[in-house]
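Topology and contacts: notes
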Amino acid sequence: MKTFRLQLRFLLPLALVLVAAAYLSLPLVDQLTQRWFSRDLDIRGRLIANALADPLTQALAEGASPRVQALLERTVRDERLLALGLCAPDGRLLQASSAFPSELGCRAAAPAGSELSALHRTDGGPVHLRTQPLVIGGSHSADLVLVHDFSFVEHRSQDTRRYLLYLIVAMGASMALITMIVAQLSWRGWVAGARALLRGEGLVRPLAAPAPELAPLAAELRSRLRRLEDEYRRARGPEGPWDAPRLRQLLGTELSGQEVIVVSNREPYIHEHGAGGLEVKRPASGLVTAVEPVMRACAGTWVAHGSGSGDRDAVDSGDRVRVPPESGDYTLRRIWLTEEEERGYYYGFANEGLWPLCHVAHVRPVFRQSDWDSYRAVNQRFADAVAAEARSEDPIVLVQDYHFALLPAMLRERLPAATIITFWHIPWPNPEFFGICPWAPELLRGMLGSTILGFHTRHHCRNFMETVDRQLEARIEPEHDTIFHEGKETLIENYPISIDWPSEQAAAAWPPVPVCRDRVREHFGLGPDALIAVGVDRFDYTKGILERLYAVERMLEKHPELRGRFSLVQIAAPTRSALDEYRAFQRRISDLAERINARFGGPGHAPVHLVAEHHDHAALLELYRAADACVVTSLHDGMNLVSKEFVATRDDEQGVLVLSRFAGAAREMTEALIVNPYHVEETADALHRAITMPPQEQRERMASLRSTVHEFNVFRWAGRMLGDAARVRLRERIAQRVEGMSHG
Ligand code: GDG
């Protein structure tokens with residue numbers, strides 16, 4: 001709009017000048033053409049008159065009027081010469097060729113004896129008259145009048161005028177076009193310049209210094225930059241609290257104006273056809289829990305698989321819908337997959353191959369060629385969609401999880417200047433274990449298309465670097481946490497994920513803990529002195545639900561006094577039930593729960609309440625707040641957000657967390673009772689200790705856990721990643737200029 005106004009300011013005066021030019025120049029052109037052609041006819045006339053003078057004077061002197069007539073008629077065969085006439089000195093027309101305009105006579109000619117040219121209009125059109133005196137015997141005896149057709153001059157003049165007009169219009173159009181292009185380019189240049197300045201680029205101007213002697217200096221500068229960045233990352237120290245406004249501020253300063261695109265398989269909102277029409281649901285997913293608040297803060301685009309039965313009815317013609325439904329903070333772009341694609345890419349390669357491969361949970365990974373083909377094809381489709389959604393050539397793209405290991409390199413081909421941050425939400429196994437995947441090198445190459453590759457823990461980062469070391473020709477620089485592969489550098493860093501710490505207003509609206517306990521007791525038919533442990537998981541074999549039940553069974557064996565008092569409420573949200581492995585596992589859990597209930601339950605009491613249903617957030621909140629203990633016994637878990645959610649809901653500073661040492665969360669949440677879930681005895685004892693822990697010890701542990709999770713929240717996770725991305729972008733820009741400097 002601004003460019004348009006700018007252009008208009010130039011184009012209007014230009015149009016006025018051109019109209020004025022046309023107005024003034026056209027009559028001038030008329031006059032000029034007339035003058036040129038009159039002069040031309042004069043010269044011709046004089047030539048003809050001179051050529052006729054002798055034969056005419058001779059014929060006149062001899063009084064041979066037929067000869068005079070023949071001479072006149074022969075001469076007018078010239079196409080432009082209309083007629084010839086002979087006028088006596090007294091003004092009589094002596095003789096004339098047959099086409100001599102009768103209305104002219106000798107009046108229009110010049111006074112006798114003088115040479116003159118003039119224009120006249122006859123019935124047949126405009127004519128040019130030239131009078132040429134003839135001298136016989138030394139005295140003036142007659143005047144020869146040459147009548148030339150002048151209408152062709154008018155035609156030519158019209159043609160010239162038309163061509164001139166075309167020329168002016170064409171000139172005007174080209175000038176306008178050039179103006180528009182120049183204005184566009186200079187506006188874009190100005191905008192790019194302003195953006196660059198905001199990003200701090202303007203601070204580093206390209207140096208036009210000559211090169212070779214500066215090469216060592218440039219290398220030194222580059223390595224110092226790298227060391228500075230390393231030191232900055234490692235010595236981050238106390239950073240102050242992270243929250244949504246601070247993340248927004250980071251996006252508005254260091255990453256000013258940059259667009260953020262998230263890619264994940266799971267969508268943050270699912271539309272389903274329900275009894276009440278189109279209903280919106282939040283899926284049970286750690287990834288969605290973590291990334292959603294970040295997207296709310298930065299208002300970007302989220303590209304994900306549209307998996308709900310009503311998803312197609314909720315999107316616009318570009319497959320986009322604004323979410324969350326109540327505020328529409330960001331755009332969700334849905335990608336549709338066929339059943340076959342979903343079977344191969346999602347259930348097959350991602351969940352039967354990579355999921356068990358990365359989780360040491362003793363479930364054998366399955367690798368099928370057809371699944372791999374499908375995985376590759378779907379990764380390409382998502383990469384294409386991200387490139388199509390990008391409005392700039394260097395967006396920040398946050399690639400989520402093991403469904404998209406190949407996407408970073410594919411996207412790098414489409415958008416070479418993009419900053420691609422890939423976050424791997426699940427663990428990374430050791431190199432030997434990862435090596436069993438038939439396509440290990442391809443997966444690693446795909447991931448190394450990322451600018452930054454994030455894992456939850458340092459341990460996973462190390463495993464990844466060692467895997468690359470075994471599988472690819474790459475240069476690994478552990479001191480900088482970087483891998484150089486095919487001329488591209490990837491930073492491998494740990495970013496422990498977390499949750500959006502609830503605001504004071506949100507917490508104030510929660511039902512009080514005693515109310516939650518009453519409701520849960522009532523719902524599950526528990527007694528007033530019931531001891532409640534909760535487990536909240538997707539119904540997945542990595543979550544250690546089996547081991548948890550064994551621990552409950554063992555605890556009840558060891559502590560008969562707890563029978564009839566203790567209950568585990570296990571929420572198991574349905575997940576991947578299309579896979580045999582999952583269905584078999586879910587059956588096994590149900591059978592075990594039944595067995596324990598049969599063994600230790602009684603009339604009106606069950607020690608295990610297995611609820612294999614998806615619950616809404618309010619129900620989970622109520623459960624967390626009602627619990628004496630929350631049990632997380634994952635056999636392997638990238639982080640585990642349930643442990644953090646439990647702690648966040650306990651503003652009463654009561655309740656104990658039992659946490660598997662194989663969950664990434666165990667590295668931060670050291671005040672939990674840390675267990676090895678494979679060790680049934682140890683887990684049973686920890687569970688017992690949890691439900692019998694004195695309130696004071698509970699308070700001390702919970703207060704400390706809460707302060708950790710409050711500080712290490714999801715905005716810190718995103719802020720550190722995006723902050724690192726901003727620094728990498730800045731360093732790359734400086735390095736490019738230094739490079740330019742050393743190459744002259
Ligand atoms: C992966 C990694 C990593 C569960 N049931 C329901 C429900 N949930 C929510 C929980 C929690 C989330 O799902 C589960 O998060 P986790 O982190 O425990 O596990 P994964 O889904 O396996 O997530 C994991 C995570 O990614 C993030 O990086 O921590 O290690 O495996 O938020 O509350 N939510 C609702 N109803 C349920 O029934 N609404």
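Keep in mind it's a predicted model, so treat the numbers as computed, not measured. (Residues numbered from 1 in each chain as written. Predicted model: local features only at pLDDT ≥ 70, side-chain atom pairs only at ≥ 80, totals over all residues. Heavy atoms only, no water.)

1. Concerning the sheet that holds strand S23 (residues 673-675)
Strand order across the open sheet formed by 6 strands is S20-S19-S18-S21-S22-S23, with parallel pairing between neighbours. Strand pairing shows two members of the sheet lacking a second neighbour, strand S20 (608-611) and S23, which therefore form its edges. On average, each strand axis in the sheet is tilted by 20 degrees relative to the strand beside it, whichever way the strands run. Here helix H20 (residues 680-691) sits on the sheet and contacts strand S18 (531-538), strand S19 (566-573), strand S21 (629-632), strand S22 (656-660) and S23; the angle it forms with S23, its principal contact strand, is near 165 degrees. (Pairing = 2+ DSSP bridges. Helix = DSSP H or I, 4+ residues; strand = E, 2+ residues; numbered from the N terminus. Axes fitted to C-alpha atoms, helices over the stretch in contact; angles between N-to-C directions. Contact = heavy atoms within 4.5 Å.)

2. Quick word on the site of the ligand
Near the ligand, the surroundings consist of 26 residues, among which His 425, Arg 538, His 615, Asp 637 and Glu 645 are the closest. Side-chain polar atom of His 614 to a nitrogen atom of the ligand: 3.4 Å apart, as the coordinates give it. One of the backbone nitrogen or oxygen atoms of Leu 641 is found 2.8 Å away from an oxygen atom of the ligand. Protein contacts shield 97% of the accessible area of the ligand, which totals 720 Å² for the unbound molecule. Contributing elements (two or more residues each) for the shell around the ligand: helix H6 (286-298), S18, helix H18 (617-626) and helix H19 (642-649). When its residues are assigned to classes, the shell around the ligand shows 11 nonpolar, 10 polar and 5 charged. A domain-level breakdown of the shell around the ligand finds at least three residues from each of domain 2 (244-494) and domain 3 (504-712). (Near = heavy atom within 4 Å. Polar contact = N/O pair within 3.5 Å; in protein donor to acceptor, adjacent residues only side chain to side chain. Areas by Shrake-Rupley, 256 points an atom, 1.4 Å probe, with all protein chains shown as cover. Nonpolar A, V, L, I, M, F, W, Y, C, P; charged D, E, K, R; others polar. Domains from an automatic or database assignment.)

3. Overview of helix H12 (residues 440-447)
For H12, the buried fraction is high: 6 of the 8 residues fall into the buried class. Considered for burial, the residues of H12 that qualify are Ala 440, Pro 441, Leu 443, Leu 444, Gly 446 and Met 447. Against helix H8 (339-358), helix H9 (369-389), helix H10 (407-414), helix H11 (431-434), strand S14 (452-455) and helix H13 (458-471) lie the buried residues of H12. (Buried < 20%, exposed > 50% of the residue type's maximum accessible area, 1.4 Å probe, protein only.)

4. Examining the sheet that holds strand S10 (residues 320-323)
Taken together, 10 strands build an open sheet; the order of strands is S10-S11-S9-S6-S12-S13-S14-S17-S16-S15 and the sheet is mixed. A single partner strand is all that each edge strand has here, and the edge strands are S10 and strand S15 (475-477). Neighbour to neighbour, the strand axes of the sheet diverge by 20 degrees on average, direction disregarded. As paired elements, strand S12 (residues 396-400) and strand S13 (residues 419-423) share 5 bridges and run parallel to each other. Bridging across to S13, Leu 398 finds its partner in Ile 421. Of the strands in this sheet, strand S6 (260-264), S12, S13 and strand S17 (488-494) touch H10, which is tilted by about 170 degrees from S13. Against the sheet, H13 engages S14, S15, strand S16 (482-485) and S17, with an angle of about 150 degrees to S17.

5. Here's the deal with a nonpolar patch on the surface
A cluster of nonpolar side chains, namely Leu 28, Leu 32 and Trp 36, defines an oily patch on the protein surface of about 310 Å² accessible area. Turning to its location among the elements, Leu 32 is positioned in helix H1 (residues 2-61). (Patch = residues over 30% accessible without salt bridge, like charges linked within 9 Å, V, L, I, M, F, W, Y side chains within 5 Å. Salt bridge = Lys/Arg side-chain N within 4 Å of Asp/Glu carboxyl O.)

6. Things to note about the side chain of Thr 490
Looking at the secondary structure, you find Thr 490 in strand S17. Within the structure, the side chain of Thr 490 is placed 3.1 Å from the backbone oxygen of Leu 448, a separation counted as a polar contact. Among residues more than four places away in sequence, those in contact with Thr 490 are Leu 448, Ser 450, Thr 451, Ile 452, Leu 453, Asp 481, Thr 482 and Ile 483.

7. Here we look at the packing of H8 against H9
The geometry of H8 relative to H9 is characterised by a closest axis approach of 8 Å and an angle of 110 degrees between their N-to-C directions. The orientation of H8 with respect to H9, classified from their angle, is roughly perpendicular. On H9, the residues touching Glu 340, Glu 341, Arg 343, Gly 344, Tyr 345, Gly 348, Phe 349 and Leu 354 of H8 are Asp 371, Trp 372, Ser 374, Tyr 375, Val 378, Asn 379 and Arg 381. Considering only residue class, the contact of H8 with H9 consists of 6 nonpolar, 4 polar and 5 charged. (Parallel < 35°, antiparallel > 145°, perpendicular 65-115°, else oblique.)

8. Some thoughts on unusual backbone geometry
The amide bond that connects Val 323 to the next residue, Pro 324, takes the cis arrangement and shows omega of -10 degrees. Note that Pro 324 resides in the loop between S10 and strand S11 (330-335). Positive phi, close to 45 degrees, is recorded for Glu 486, a residue that is not glycine. Topologically, Glu 486 is positioned in the loop between S16 and S17. In this structure, Asn 640 takes a positive phi of about 95 degrees despite not being glycine. Here Asn 640 is to be found in the loop between S21 and H19. On the basis of relative accessibility, which here comes to 5%, the residue Asn 640 falls in the buried class.

9. Focus on the confidence of the model for the protein
The predicted coordinates of low-pLDDT regions are not to be read in fine detail. In the predicted model, the protein carries a mean pLDDT of 87, and 88% of its residues have values of at least 70. Low pLDDT, under 50, characterises residues 197-210; the predicted model gives this stretch 21 contacts beyond four residues in sequence or across chains. (pLDDT = per-residue confidence, 0-100.)

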